[in-house]
Each structure stands twice: as structure tokens, then as C-alpha cells.
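Results of the structural survey
Residues per chain, in single letters:
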Amino acid sequence: MSYPRIVVLFGIATSIVFLAISTILYSRSSVSEQNSSKLETFGGHTPGYPILTTTGDVIDPMNSVINPKNAVVDPMKYLREFNYGRVSTSPNGTVIRDFTLIASDQHTKEVSPGVFYNVWTFNGTIPGPTIRATEGDIVRITLINEGTKFHSIHFHGIHPAEMDGVFEGIAPGGKFTYEFTAEPFGLFLYHCHMQPLEEHIGHGLYGVYIVDPKQGRPPADEMVMLMNGYDTDFDSENNFYTVNGIPFYYMHHPIQIEKNRLIRIYLVNMLEFDPLNNFHLHANLFNFYKTGTKLVPDEYTDIVSLNQGERGILEFSYKYPGKYMFHAHKTEFAEKGWVGLFLVKDDKNESVNQSLNVTSAMNNTSYSKNNFSNVTNIVPIGGYK
Ligand SMILES: [Cu+2]
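Calculation rules
Residues numbered from 1 in each chain as written. Predicted model: local features only at pLDDT ≥ 70, side-chain atom pairs only at ≥ 80, totals over all residues. Heavy atoms only, no water. Helix = DSSP H or I, 4+ residues; strand = E, 2+ residues; numbered from the N terminus. Buried < 20%, exposed > 50% of the residue type's maximum accessible area, 1.4 Å probe, protein only. Contact = heavy atoms within 4.5 Å. Areas by Shrake-Rupley, 256 points an atom, 1.4 Å probe, with all protein chains shown as cover. Pairing = 2+ DSSP bridges. Salt bridge = Lys/Arg side-chain N within 4 Å of Asp/Glu carboxyl O. Core = buried A, V, L, I, M, F, W, Y, C linked by side-chain atoms within 4.5 Å. Donors = N, O, S within 2.8 Å, 3.2 Å for Na, K, Ca; no water. pLDDT = per-residue confidence, 0-100. Axes fitted to C-alpha atoms, helices over the stretch in contact; angles between N-to-C directions. 1 Å grid on protein atoms, 1.4 Å probe; cavity = no way out; pocket = protein on both sides within 12 Å on 5 of 7 lines; lining within 4 Å. Points joined across faces, edges and corners; volume = space filled by probe spheres on them. Nonpolar A, V, L, I, M, F, W, Y, C, P; charged D, E, K, R; others polar. Phe/Tyr/Trp six-rings, centres within 6.5 Å; stacked < 30°, edge-to-face > 60°. Lys NZ or Arg CZ within 6 Å of the ring centre and 35° of its normal.

A look at the overall build of the protein
- Along the backbone of the protein there are 8 helices and 22 strands.
- Buried positions account for 53% of the 385 residues belonging to the protein.
- Within the protein, contacts between residues separated by at least 24 positions form 71% of all contacts whose residues are at least 6 apart in sequence.
- Here the protein has roughly 17200 Å² of accessible surface; of this, 57% comes from carbon and sulfur atoms.

As for the sheet that holds strand β10 (residues 186-191)
- Reading across the sheet, the 4 strands line up as β6-β11-β10-β8 and stay open at both edges, with mixed pairing between neighbours. Taken across any chain shown, the strands that pair with only one partner, and hence form the sheet edges, are β6 (131-134) and β8 (154-155).
- Bridge count between β8 and β10: 2 bridges; the pairing is antiparallel. Each bridged residue has a counterpart across the sheet, and for F155 the counterpart in β10 is Y190.

Side note on the pattern of salt bridges
- Following the criterion strictly, the structure yields 14 salt bridges and no others.
- Notably, a salt bridge pairs R132 with E222, separated by 2.8 Å at the nearest N-O pair. Taken together, the positions of R132 in strand β6 and E222 in strand β12 (residues 221-230) put the pair 90 residues apart, joining distant regions of the chain.
- Look at the salt bridges and you will find they share partners, linking R132, D212, E222, R264 and E315 into a network.

Here we look at the nonpolar core
- Counting 59 residues, the largest nonpolar core has M225, I265, F279, F326 and F342 as the members making the most contacts within it.
- The biggest single contributor to this core is β12, with 6 residues.
- Look past the residues within four positions of F342 in its chain and what remains in contact with it is M223, M225, I255, I257, I265, L281, F316, Y318, G322, K323, Y324 and F326.

Some words on the coordination of the copper ion
- The protein atoms donating to the copper ion are H151 (ND1), C192 (SG) and H200 (ND1), with metal-donor distances spanning 1.9 to 2.1 Å.
- Mapped onto the sequence, the residues coordinating the copper ion show the spacing H-x40-C-x7-H. The pair C192 / H200 is uniform in exposure class, with both members buried.

A short note on the confidence of the model for the protein
- The pLDDT averaged across the protein works out to 83; a share of 74% of its residues lies at or above 70.
- This model gives residues 21-34 a pLDDT under 50, and the stretch forms 18 contacts once residues within four places in sequence are excluded.
- Ignoring residues within four places in sequence, the model shows residues 49-60, a span with pLDDT below 50, making 51 contacts including any to other chains.

Notes on the sheet that holds strand β20 (residues 311-316)
- Strand order in this open sheet of 6 strands is β13-β12-β15-β20-β17-β18, and the pairing throughout is mixed. Each of the sheet's edge strands pairs with one partner strand only, and the pair in question is β13 (240-243) and β18 (299-301). Pairs of neighbouring strands in the sheet enclose a mean axial angle of 25°, with direction left out of account.
- Direction of pairing for strand β17 (residues 286-290) relative to β20: antiparallel, over a ladder of 4 bridges. Counterpart to K290 in the pairing with β20 is G312.

Concerning empty space enclosed by the protein
- This model, assessed by the stated rule, comprises 1 cavity of 30 Å³ or more.
- Estimates place the volume of the largest cavity at around 50 Å³.
- Lining the largest cavity are I201, G202, Y206, N228, G229, N238, M270, L271, E272 and F273.
- Listed by contribution, the elements that provide at least two residues to the lining of the largest cavity are α4 (197-202) and β12.
- Among the residues making up the lining of the largest cavity, the classes are represented as 5 nonpolar, 4 polar and 1 charged.

Focus on the environment of M227
- Note on placement: M227 falls in strand β12.
- Note on M227: relative accessible area 0%, which makes it buried.
- Sequence separation of M227 and F279 is 52 residues, and the distance between their C-alpha atoms is 9.1 Å.
- Not counting the four nearest positions on each side in its chain, M227 is found in contact with T242, V243, L267, V268, N269, M270, L271, N277, N278, L306 and W338.

Let's talk about the environment of K69
- Among the structural elements, K69 can be located in the loop between β2 (50-54) and α3 (75-79).
- For the pair K69 and E110, spaced 41 residues apart in sequence, the C-alpha to C-alpha distance is 8.9 Å.

Quick notes on the packing of aromatic side chains
- For the coordinates displayed, the defined rule picks out 23 aromatic pairs.
- Measuring from ring centre to ring centre gives 4.0 Å for Y241 and F333, while their planes differ by 15°; the resulting arrangement is stacked. Here Y241, found in strand β13, pairs with F333, found in helix α6 (residues 331-335); they are 92 residues apart in sequence, far enough to count as distant.
- Overall, the relative accessible area of 1% leaves F333 in the buried class.
- Here F316 and F342 contribute two aromatic rings whose centre-to-centre distance is 5.8 Å and whose plane-to-plane angle is 65°, an arrangement assigned as edge-to-face. With F316 in strand β20 and F342 in strand β22 (residues 339-345), this residue pair connects regions lying 26 residues apart in the sequence. For the residue pair F316 and F342, the accessibility class agrees, reading buried in each case.
- Here the aromatic cluster, defined as three or more aromatic residues joined through ring pairs, consists of Y249, Y250, F279, F286, F288, F316, Y318, Y324, F326, W338 and F342.
- Against the face of F82 rests R132, its NZ or CZ located 4.6 Å from the ring centre.

Here it is in C-alpha cells:
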């Protein structure tokens, strides 16, 4: 009687061990799994730049985890990182916030497992650092161009014409300081405005700019979500869609939030090529503040659609613990990477984490070499020169 039982148990144990080994092997960097003899380099929009290196058979980001060492951004770090600048005060008491942004266009980084792309970046990441000020502050941004092409920064918001970053490109090796008063309060963005715009934005030169109201907003777990895409085969259509730079990232690393805690998302759409993008929240609704320029919500909904450059603030909290999806409700975008998970923790029950395989999320903020502090130091790849 007991003999077949042992055999069955042995069989089960063997299967578990086999499954575990295969999982470990499969989850290793997809790049090392590529047959290097099959690697091909494709050219891009810009002559002379090898932009994409892939065998063409590894694009399975749903099942592969990006190698953090090569990744263009650490989405978990980016999510809640706000840069307030080097703070000083003018003689009349106005707060001055100084930022440094360094443009580059000659690096290649991994944007999805196995996909290396010529990224154009502010301070080495896509998206660039989130810049934050309070209405009435003086914001000074020094752009240093370490790239090989002309670049600029065009901020949204109210400012003089010569601070608009549209007609005056900064030459390679050049430097320029944009200065303006942070106004009005709301959610804005910044991006390079050199021609061809599609190329400078498509390659990654953009970021989020937040102006807080003087009286602030109610306390919340705040995060930034920037929606973008990558056209890695240069047909003016995106091959990957993301929130915060890496396709499927928050599927592998769910964003942990607390039950009943107010969540505030600064949502910006920077998607190039496709006219419309959107955000859908599962099993919940949110208050939506269009452009964040008013303190009363415009809408109470579970989905919002944004054109390129449009943005808004979302506020919600979860009543029940568990795992909830958020994603573009445009199916194609979701299936090509714009999808993620919230993991709502029940304060009384820590077992939610344990029942889900999210251990990797614990480690995922440790790899970034660029330790951008909350204050300023926006240090580019390779450091300052
Ligand atoms: Cu540019």
C-alpha cells in the first residue's frame, strides 16, 4: 500500500525540483540566452548610429525580467522620486530651486529584455528626473549638452518667450540656464524641442514637472506615472509601450500600497506616434484632476484618455487587499507592455505579500548606480566632467 504512495511523492518532489531549476534558468538575463551569432544590429533614424541589437527571437518581455544593470531606468525608484533642486532664498525671500539636466544621445541601453536601443536622455534615464517646485518659486534649470546634436528644454507652464526652449538650441558641449517662476500650480512636463521633434522625443528626451499649490495637497502616497513607447524598428510605430520606461515592469514588480491609504498619481502621456493613450484602474474608481490646475476633481471614473502631452492627477484608495491591474485600455498597448499591478496590503494581514511571488520587488531599488538624491543631484551616467 505504501510503496505506490512513495513513488507518487517522489514523482511530485522531482517535478517541483525540475520546475524550480527551469524557472531559475529561464529567469536569467535574456540577453545571455541569445545566440550571439544571430545578433543583428539595425540602424536607426540617425545615420551612423547602431540602435537595436537583437536576435529577433527574444522579445518575450512578459516572461523575461530585464537585467537591471543595463536598464534605461529603475522604474521602482523613478515611481516615487521627486527632485526639489538645490534650494536657496533670494533677498526678497523667494525660494530658488536650481537643477542640472545633462542631455546625451550617444548611449545604448536596454529598454526591454534583450532590446538595446540608442536612448537620448536627460541625466541618463528615460523618463528624465521629475522636477518639483511650489507655485511662486524661482526655478533655474541648467542644461548641459553632452550629446552630439543640438538639444533644448521646453517646459510647459507660464514663462517668458526666451525661456521657452524652442528657437534656441544648445550646441554639443554647450550650456544654458532656463529661469522662470513656477506658475500656475498643476502637472506639467518638459521635453527637448529640437527638430525633428519626433526623433528627439521618440528617443526619450522628456520628463515630468510638478508645481504644487502653495497650500499643498492632502497627504498621500504619491507617485509619478509617465506613459511612453519605443519604436525600435524605425517604422514610426511603437513596438513597446510602457509606464515609467520598461514594458511589463510592474507586472514583475507590483507596486505595494496600503489599504485605505490615499494614493495620488501624477499621470503624464508622452507617447509618440500614437495619437491617444489611456489609463484604466481595476476594481476601483479615481478622482481625476485634469492638468492638476484645480483643487476640485473634474471627474470620478475608472478610465481616462490622454493625447500626447496631456496629463492629470488621479486620487483613489483601495478598500480591499489584493492584486489589482492597471493598464492602457487600448488592448494593443497593454499587450505590448503598458500594464502593471498594485498589490494592496492589508495592515492586519501581512500574508498578502507572502502569498505572492514579489520577492524581487524588494531588491529592485538597489541596483541603480546613479543615486539621484531627493534634493538635486542629478548625476549623469559616468558622473560630472
Ligand atoms: Cu533634442
